[in-house]
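# Secondary and tertiary structure notes
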Amino acid sequence: MKIGIDVDGVLTNVEQFEIDFASQYYFINTNRHIENPYGYGSQKIFNAEVNEDNKFWSKAIYKYVKEPARRYASEVIKTLKNKGHEIFIITNRISDLSYCDISKSKMIKILKKWLKKNKIYYDKLIFSSGTKIDDLQKNKVDIMIEDTPKNIMALAK
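A complete count under the given rule lists nine aromatic pairs for this structure. Centroid distance tyrosine 25 to phenylalanine 56: 5.4 Å. Interplanar angle 50°. Geometry classified as tilted. Taken together, the residues span a long stretch of sequence, with tyrosine 25 in helix H1 (residues 14-30) and phenylalanine 56 in helix H3 (residues 50-64) at a distance of 31 residues. The pair formed by tyrosine 25 and phenylalanine 56 is uniform in burial state, with each residue classed as buried. An aromatic cluster is present here, built from Phe17, Phe21, Tyr25, Tyr26, Phe46, Phe56, Trp57 and Tyr64 joined pairwise through their rings.

What follows is the structure, given as structure tokens:
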């Protein structure tokens, strides 16, 4: 079986990062508190405008890209590989970097280094945009592990 695995929110705990670091940022810089702890993404959690959230991420991105992988992610992926599955890491991480000063090529290098450091095995690394459907179909991926509600709904169809 070909298994697709997302990075941000699946291999990383972006939700906890947003709660921890965005809480501090928003309180200090905008006097905002968490308004929706179950919201998807810091913008919804803090009921912020896009430009406010972009300011947060322009400062936070350098810390976030160094966050460790979720506990046992490496071991689970190794187990799947040992059972004969192909692993496709499929991420939107470079689809929009307009909020920060990291180039796409630099972000690709950062992610490859992060995957190696966290011992995340993969057969193929795919940088996607949108819902990832085209990349999944092109690579004949059987199942996708994804956290973005918009992508989940599109993939479910």
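The geometry of a pair of packed helices is captured by two quantities: the angle between their axes and the separation between those axes. It is the contact of H1 with H3, at a shortest axis distance of 10 Å, that shows an interaxial angle of 125°. Classified by the interaxial angle, the pair formed by H1 and H3 is oblique. The handedness of the crossing between H1 and H3 comes out as right-handed. Residues Val14, Phe17, Glu18, Phe21, Ala22, Tyr25, Tyr26 and Thr30 of H1 form the contact with H3, whose own contacting residues are Glu52, Asp53, Lys55, Phe56, Trp57, Lys59, Ala60, Lys63 and Tyr64. The residue inventory of the contact of H1 with H3, partitioned by class, reads 10 nonpolar, one polar and six charged.

Criteria and cut-off values
The residue count restarts for each chain, going from 1 along the sequence in the order it is written. In keeping with the model being predicted, local features are shown solely for residues with a pLDDT of at least 70 and side-chain atom pairs are shown and tallied solely at 80 or more, while totals for entire chains, interfaces and linings include all residues. No hydrogens and no water enter the side-chain calculation; it runs on all heavy atoms of the structure. Between rings of Phe, Tyr and Trp, where Trp is taken as its six-membered ring, a pair exists when centres lie within 6.5 Å; planes separated by under 30 degrees are stacked, by over 60 edge-to-face, and by other angles tilted. Each helix is a run of DSSP H or I of at least 4 residues and each strand a run of E of at least 2, with the numbering of both proceeding from the N terminus. Three labels apply to residues, based on accessible area from a 1.4 Å probe with only protein chains included: buried if under 20% of the type maximum, exposed if over 50%, partly exposed otherwise in between. Axes here refer to lines fitted to C-alpha atoms; in helices the fit is confined to the stretch in contact. Angles between the N-to-C directions go from 0 to 180 degrees. In these notes the angle categories are as follows: under 35 degrees is roughly parallel, over 145 is roughly antiparallel, 65 to 115 is roughly perpendicular, and the rest is oblique. By the definition used in this description, the sense in which the near helix is turned from the far one sets the handedness, with an anticlockwise turn below a right angle giving left-handed and a clockwise turn giving right-handed. Should any heavy atoms of two residues lie within 4.5 Å, those residues are counted as being in contact. Each residue gets one of three labels, nonpolar for Ala, Val, Leu, Ile, Met, Phe, Trp, Tyr, Cys and Pro, charged for Asp, Glu, Lys and Arg, and polar for the others, Gly among them.

Scope: geometric values only; no functional claims are made or implied.
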